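Chain residues, written in single-letter form:
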Amino acid sequence: MTDLTAPRAERRVPTATYRLQVQAAFGFDDVSALAGYLSDLGVSHAYLSPVLQATPGSTHGYDVLDHGRLSDEAGGRAAFDAMVAALHERRVGVVVDIVPNHMTVPEPEHLNAPLWSVLREGRESAYAVWFDVDWDAAGDRIVIPVLGGTVDEALASGDLVTVADGGPDGDEAVVRYFDHELPVRPATENLPLAELLDRQWWRLESWRAGASTLNYRRFFDVGSLVAVRVEEPDVFDATHALVVDLVREGLVDGLRIDHPDGLADPRGYLRRLAEVTDDAWVVVEKILEGDERLPGDWPCAGTTGYDLLWRIGALFVDPAGEQPLTDQLAFASGARLTLDEVVTASKQQVVATTLVPEVLRLARRADEVLAAPSSPAHPPSDSVVRALVALLVAMDRYRAYVVPGEAVHPEAQRALDTAAERAREHLSEEDHPTLDVVCDLVLGRVGDDVRAEVGPALDDLVVRFQQTCGPVMAKGIEDTAFYRWHRLVGLNEVGADPDHFAESPDELTDFVERLAQEWPLTMTTLSTHDTKRSEDLRARLAVVSERPEAWQHWVREAQEAARPYRSERLDGATEYLLWQTLVGVWPIDEDRLQVYATKAVREAKLHTGWSDPDEEYEAAVAGFVSGVLQDERLRRHVASWVTGTAHAARAGTLGQKLLQLVLPGIPDVYQGTELVDLSLVDPDNRRPVDFGLRAERLARLDGGAEPDDLDDEKLVVTSRALRLRRDRPEWFTGPTATVRRVRTDSDHAFAVARGDSSGDHVVAVVTRLAASLDAWADERLELPAGTWTDLLTGRALESDAEVPLARILDRLPVALLTRTHV
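Residues numbered from 1 in each chain as written. Predicted model: local features only at pLDDT ≥ 70, side-chain atom pairs only at ≥ 80, totals over all residues. Heavy atoms only, no water.

### A look at the side chain of Q580
Okay, step 1: Relative to the assigned elements, Q580 resides in helix α21 (residues 572-585).
Okay, step 2: In this structure Q580 comes out as buried when scored by relative accessible area, which is 1%.
Okay, step 3: A polar side-chain atom of Q580 sits 2.7 Å from the main-chain carbonyl oxygen of H486. (Helix = DSSP H or I, 4+ residues; strand = E, 2+ residues; numbered from the N terminus. Buried < 20%, exposed > 50% of the residue type's maximum accessible area, 1.4 Å probe, protein only. Polar contact = N/O pair within 3.5 Å; in protein donor to acceptor, adjacent residues only side chain to side chain.)

### Things to note about the sheet that holds strand β9 (residues 172-177)
Okay, step 1: The sheet built from three strands is open, its strands ordered β8-β9-β10 with antiparallel pairing. Looking at strand neighbours, the two that pair on one side only are β8 (160-166) and β10 (180-183), the edges of this open sheet. The sheet shows a mean angle of 40° between the axes of neighbouring strands, direction not considered.
Okay, step 2: Taken together, the four bridges between β9 and β10 define a ladder with antiparallel strand orientation. What sits directly across from Y177, in β10, is H180.
Okay, step 3: Packed onto the sheet, helix α4 (residues 113-121) meets β9 and β10 and runs at close to 55° relative to β10. (Pairing = 2+ DSSP bridges. Axes fitted to C-alpha atoms, helices over the stretch in contact; angles between N-to-C directions. Contact = heavy atoms within 4.5 Å.)

### What about the packing of α21 against helix α23 (residues 615-630)?
Okay, step 1: Across the interface, α21 lies against α23 with an axial gap of 12 Å and an inter-helix angle of 35°. The handedness of the crossing between α21 and α23 comes out as right-handed. For the pair α21 and α23, contact is made by T574, E575, L578, W579 and L582 and by Y617, V621, F624, V625, V628 and L629, respectively.
Okay, step 2: Its residues placed into classes, the contact of α21 with α23 shows nine nonpolar, one polar and one charged. (Left-handed = near helix turned anticlockwise from the far one by under 90°. Nonpolar A, V, L, I, M, F, W, Y, C, P; charged D, E, K, R; others polar.)

### Let's talk about the pattern of salt bridges
A side chain of one charge can pair with a side chain of the opposite charge when the charged atoms of the two come close.
Okay, step 1: Inspection of every chain in the model, using the stated rule, returns 84 salt bridges.
Okay, step 2: When the shortest N-O distance is used, the salt bridge between R123 and D140 registers 3.0 Å. Here the residue R123 occupies a position in the loop between α4 and β7 (142-147), and D140 occupies one in the loop between α4 and β7, the gap between them amounting to 17 residues.
Okay, step 3: R123 gets classed as partly exposed once you look at its relative accessible area, which sits at 42%.
Okay, step 4: The salt bridge involving E535 is made with K657; its shortest N-O contact spans 3.3 Å. Note that E535 is positioned in helix α19 (residues 535-542) and K657 in helix α25 (residues 646-662), a separation of 122 residues in sequence. (Salt bridge = Lys/Arg side-chain N within 4 Å of Asp/Glu carboxyl O.)

Rendered as structure tokens:
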């Protein structure tokens, strides 16, 4: 157990963080070397990707191998301590990302010591409680779906063998299959191999069979990430001891919690974490859908910022472009499908294919509850499966937060009721009564007699249904539907609703004011390792909404010029995605675009996929990409759009960055995005960052040089806003900090003031929808009387209550004004 009486070191709440992807190629020593730059930039904390020991060679760290060890590849404990010391010397703290939901299933398996113990000793292992295994589903065995074919085929080919030099110490009898190793149960070593396989705590199957028979919970559909039961106190303590020590020793100031919705009890987990860390600053990677609110009883500072990310971006989208771009999508794809139709079909496909084990486990548990002697209803098992599937597909959020033993929260009730209404539309009438029964079950509503008979099974069903909603949402929407529906792909972002085409200034204001009141210390962001496109790429694409007719003409010309490279296998929807991608990311080399295109079409799951790639189709896509990128006429055509919209894209790039940095919350800057960053989805957004270049640019600008390009301008915006937050935190995150919308008489300007109870001290002004703005005329900004200085240009100006926007925004499309005299 964690010693709660141990002394606690002083910690600081961040004013701003800087996300760094730690791995073998960029370890703790590399972070140490950035201490001066991060301090000069203005961030208060380095925010590190998972730092615990992960699978050797991991580039992300979410495949945790050992919770008791800091990453050897990144430098180990000594380098970590030296990194913290170097950062602290420059008054920069540390925030780390932790992964409570799952661990890796490595190759060879003995690298994960707790898992190895369970594979060797089964339910008798001291670590059996660690992992979420449905033992009864496979006769007290764990299904290991790693074979390329059947067991008999692997035996006949000689790919399955027993050796005596396996295991962590090289002295253990194991079954070996290429890089996989599985422990041999004592007293079975001398059996014939086929018989030996039948006597183990594990059961080998092909990866195809495992798609339906897997019996351990995993992260989404990733079989190599096995779920961990941190709801068990001993498991929590064992998996969090090192992290908690780092926090209590003052080496780590805050934590980011990965995928809390995968946990059995997110609120309970956060309460325990708050207790052992003495209420450290904690943010959760919670994806809020639409107007969904973060549960108010969660002891955390807020989310990781996707809820503000899409709203800021949508402020720069012109609502007038919605219908023309809807028509353009229908023309390009050859089908007029709504997003809701695409989402429903995508979720249905995911539930019927990649998430079959999760659905079957739910169905088994539901059948167990319904088989109780006192159960008033006994619907057929196949009807229960259909009802569960329809309800999972109909859920519009990652989780409803029903807690066994507690009254159902009204918001959870509304979410389930709404889902049930939608689910009913996709079921035959004969399944409607079963749906009603299933809805009661997942809400935990049964008679006292039934609860007395099968209470634990019912509670497990309630929790497990919620744990399954998240994978259906993530894999069905973000990783499928968003790769199929391309009206304006910059809106297809994590946590976003592309049907919410644009955000009005009033809508953003309402959200920001609520955020300041409810979650003033939440994280905000514009780019992460999980975003589908970087902030600046999305800013470019937003301009398409302002010039839909010009865009339609541009696309027609592009399609005509690309005719020689288009095979009959290439579908219109994929081609349209590629055109939007090109103007967003240009310039790009072929290797990067080919990797992205392959990932995009496999994620769409319409013509090819990860498990069964269609080589002919993928060759058609690759040939199109190659042909376009090697055609000088098409290269000029793409460049012409980028050049012609650069003015408006500049306003969006700088505007959304400034807003993120001044609005309520703790802003995070993803590595490298202080300059213009045009990155696509992972792995593209994990490319190495040239920090030397950034440090040189910052030093030059700090020395008085004027910005040379948009990179310089973005660096000025980022550094000046970050430094202001660091130097005057009371205006942004203090208990008396204020935020208010500042009046302008132009729809092309949005302004917000920050300050405290004594008044406004900062006013940020941004230009929006700049493609249709020729020049400022007589439009004015309400600005309290006094002398103000624009931190971005160094220019002072006087205000007697109003100032012309033309005077403020003549050099840059944004301004960061601070009051120097009243």
